[in-house]
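One-letter residues, chain by chain:
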Amino acid sequence: MPHAGNANNNCYPQEDTPVTKHFGLNYATFAAVFFAFFVMLGCLVAFSLYLFDNRKNHRNSSFNALRRSFESERRIGEEDDNYALSRIGKESVYSYFVTDKPVGWLIAFATLGIQTVILVFFIMASEANLQDDKIDIEFTWKCPRDSDGCDDRADWTKAGWFIFCMLMIAFLAKDMIGGCKLIYHSSKVRHTRGARFRYLIGGTGLCSITVFALYVSTVYNRAIATSNTDIIVNSVVVLFIMDLDEWIFFALDAINEKWTEHAADAEVSEMREEIARQRAQLASQQKEIDDLRDDLRRLCETVELQSVWSRWEY
């Protein structure tokens, strides 16, 4: 196996990466192709589920019409939005995807773009292009000039990669499952076209960035990790980038709470305010009733005293 080295006798094997061997692409190109494929796959799955749900509901169209006549369309829509928010996360700017706020969509897309660009930097730094000074590849092979052999000095073990898998599952499984459920939720026939589109974009975006983060963390660790601790540290850095959507949401909430108040939360706040007004009104009415009771009691006492006084005089 040919190696390329530096002045310190540190080398790196001149061989194609697994992605190049199997697909003939570098890491960045494969990521772009896979990202586009995943988005199309999400749309195809949602469309297939929509056709299945439409066929199932067509058989029970009379029952659905009767059911819709007794249930409020608005309440059903609110329940669907609440479910979508619970899947994508209320404390994330991605929650704007399930709303109809243009500014919110802009913030969500901007955050998704920022995360993608940051992860792309890790991809570019993992490329096995030894002529590029911007790569982060570690020269872990030692090739003495007086020897024909080379030794790999990397200290990572299977335990390090096992911990890597556990970290990825623990931190990314929730987003992946939530995104898949949101894609499935978007296929329901009862949704309006706008709601179906919003749920599909939110679910596909969440799943795509999650899979991309897993891919980036894997190839970056494979390129530069020299020990188990390196694998853990690199993984944590990528996972921190995945929390960027939540930190931006918290920053917006700190600036103005109304910017992060969803429709369901606004309705709950209005209900609480209405309950508080009704309680205040009841308290005021109760006070008037108590005052009337006191007046009636004093009137009764006055009448009784006059009656006693009249009998005494007689």
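In case you missed it, the structure is sitting above this.
Because the structure is a prediction, the values reported are computed rather than measured. Going along each chain's sequence as written, the residues are numbered from 1 onward. Note on the predicted model: pLDDT of at least 70 is required for a residue's local features to be given, and 80 or more for side-chain atom pairs to be given and counted; whole-chain, interface and lining totals, by contrast, use all residues. With hydrogens and water set aside, each side-chain value is computed from the structure's full complement of heavy atoms.

Here a Phe, Tyr or Trp ring, Trp counted by its six-membered ring, pairs with any other such ring whose centre lies within 6.5 Å, and the pair is stacked when the planes are under 30 degrees apart, edge-to-face when over 60, and tilted otherwise. A complete count under the given rule lists 13 aromatic pairs for this structure. Relative to Y215, the ring of F30 has its centre 5.7 Å away and its plane inclined at 45°; by these criteria the two rings are tilted. On the criterion of sequence distance, the pair formed by F30 in helix α2 (residues 27-59) and Y215 in helix α7 (residues 193-224) is long-range, its members being 185 residues apart. The pair F30 / Y215 is uniform in exposure class, with both members buried. Arranged with centres 5.0 Å apart and planes meeting at 80°, the rings of F97 and F109 form a pair that is edge-to-face. In this pair, F97 sits in the loop between α4 (73-88) and α5 (102-126) while F109 sits in helix α5, placing the two residues 12 residues apart along the sequence. The buried label applies to any residue whose accessible area, calculated with a 1.4 Å probe on protein chains only, is under 20% of its type's maximum; exposed applies above 50%, and partly exposed to all values in between. Judged by its relative accessible area of 1%, F97 is buried. Taking the relative accessible area as the measure of exposure, F109 reaches 42% and is therefore partly exposed. In this text, helices come from DSSP runs of H or I with a minimum length of four residues, and strands from runs of E with a minimum of two, each type numbered from the N-terminal end.

Right, let's talk about a negative patch on the surface for a bit. Patches here: salt-bridge-free residues with over 30% relative accessible area, like charges joined within 9 Å, nonpolar side chains (Val, Leu, Ile, Met, Phe, Trp, Tyr) joined within 5 Å. Under the convention used here, a 1.4 Å probe and the Shrake-Rupley method define accessible areas, while residue burial counts only the protein chains that appear. Salt bridge, as applied in this entry: a Lys or Arg side-chain nitrogen positioned within 4 Å of an Asp or Glu carboxyl oxygen. A residue counts as positive if it is Lys or Arg and as negative if it is Asp or Glu; His and the chain ends are not included. Note that the charge is assigned to NZ on lysines, CZ on arginines, CG on aspartates and CD on glutamates. Residues E91, E246, D253, E257 and E261 make up a contiguous surface patch of negative charge. For E257, the position within the fold is in the loop between α9 (244-255) and α10 (263-313). Owing to a relative accessible area of 60%, E257 belongs among the exposed residues under this scheme.

The next thing to look at is a nonpolar patch on the surface. On the surface, a nonpolar cluster with roughly 550 Å² of combined accessible area is contributed by F34, F37, M40, L41, L44 and V45. Structurally, L41 is set in helix α2. Given the relative accessible area of 35%, L41 is considered partly exposed.

So, on to the nonpolar core. In this structure, Y94, L119, I123, I209, F212, Y215 and V216 are the most contacted members of the largest nonpolar core, which totals 44 residues. For this core, the secondary structure elements donating two or more residues are α2, α4, α5, α6 (158-185), α7, α8 (228-242) and α9. No other element matches α7, which puts 12 residues into this core. Contacts of I123, omitting those with residues within four sequence positions, involve Y27, A28, F212, Y215, V216 and V219. In this structure, A46, L200, C207 and V211 belong to the second largest nonpolar core, which totals 6 residues. Each nonpolar core is a collection of buried residues, namely Ala, Val, Leu, Ile, Met, Phe, Trp, Tyr and Cys, held together in the definition by side-chain atoms within 4.5 Å. In what follows, a contact means two residues having at least one pair of non-hydrogen atoms within 4.5 Å.

We now examine the side chain of S217. Along the chain, the position of S217 falls in helix α7. S217 gets classed as buried once you look at its relative accessible area, which sits at 1%. Ignoring sequence-local partners within four residues, the contact set of S217 consists of F164, M168, S235 and V238.

As a further point, take the pattern of salt bridges. Under the counting rule described, the total for this entry stands at 1 salt bridge. In this structure, the salt-bridge partner of D291 is K287, at a minimum N-O distance of 3.5 Å. Highlighted residues: D291 and K287, both in helix α10, separated by 4 residues, approximately one helical turn. With a relative accessible area of 36%, D291 lands in the partly exposed category.

This next bit is on α5. Over its 25 residues, α5 extends 36 Å from the first C-alpha to the last, a length consistent with the 36 Å expected when each residue adds 1.5 Å. Within the sequence span of α5, burial applies to G104, W105, A108, T111, L112, Q115, L119, F122, I123, A125 and S126. By this rule the span expected of a helix is its residue count minus one, scaled by 1.5 Å.

In this section: the packing of α5 against α7. Two elements in contact, α5 and α7, have axes separated by 9 Å at closest approach and are oriented at 20°. Classified by the interaxial angle, the pair formed by α5 and α7 is roughly parallel. Helix-helix and strand crossings are classified by hand; for α5 and α7 the assignment is left-handed. Here W105, F109, L112, Q115, T116, L119, V120, F122, I123, A125 and S126 of α5 lie close against α7, whose contacting residues are F197, R198, I201, G205, I209, F212, A213, Y215, V216, V219, Y220 and A223. Classifying every residue of the contact of α5 with α7 by side-chain character gives 18 nonpolar, 4 polar and 1 charged. Note on definitions: angles span 0 to 180 degrees between N-to-C directions of axes, and those axes are lines fitted to C-alpha atoms, for helices only across the stretch in contact. Any angle that falls under 35 degrees is termed roughly parallel, while one over 145 is termed roughly antiparallel, one within 65 to 115 roughly perpendicular, and all others oblique. Whether a crossing is left-handed or right-handed is set by the direction in which the near helix is turned from the far one by less than a right angle, anticlockwise for left-handed and clockwise for right-handed. Only Asp, Glu, Lys and Arg are considered charged in this grouping, and only Ala, Val, Leu, Ile, Met, Phe, Trp, Tyr, Cys and Pro are considered nonpolar; every other residue, Gly among them, is considered polar.

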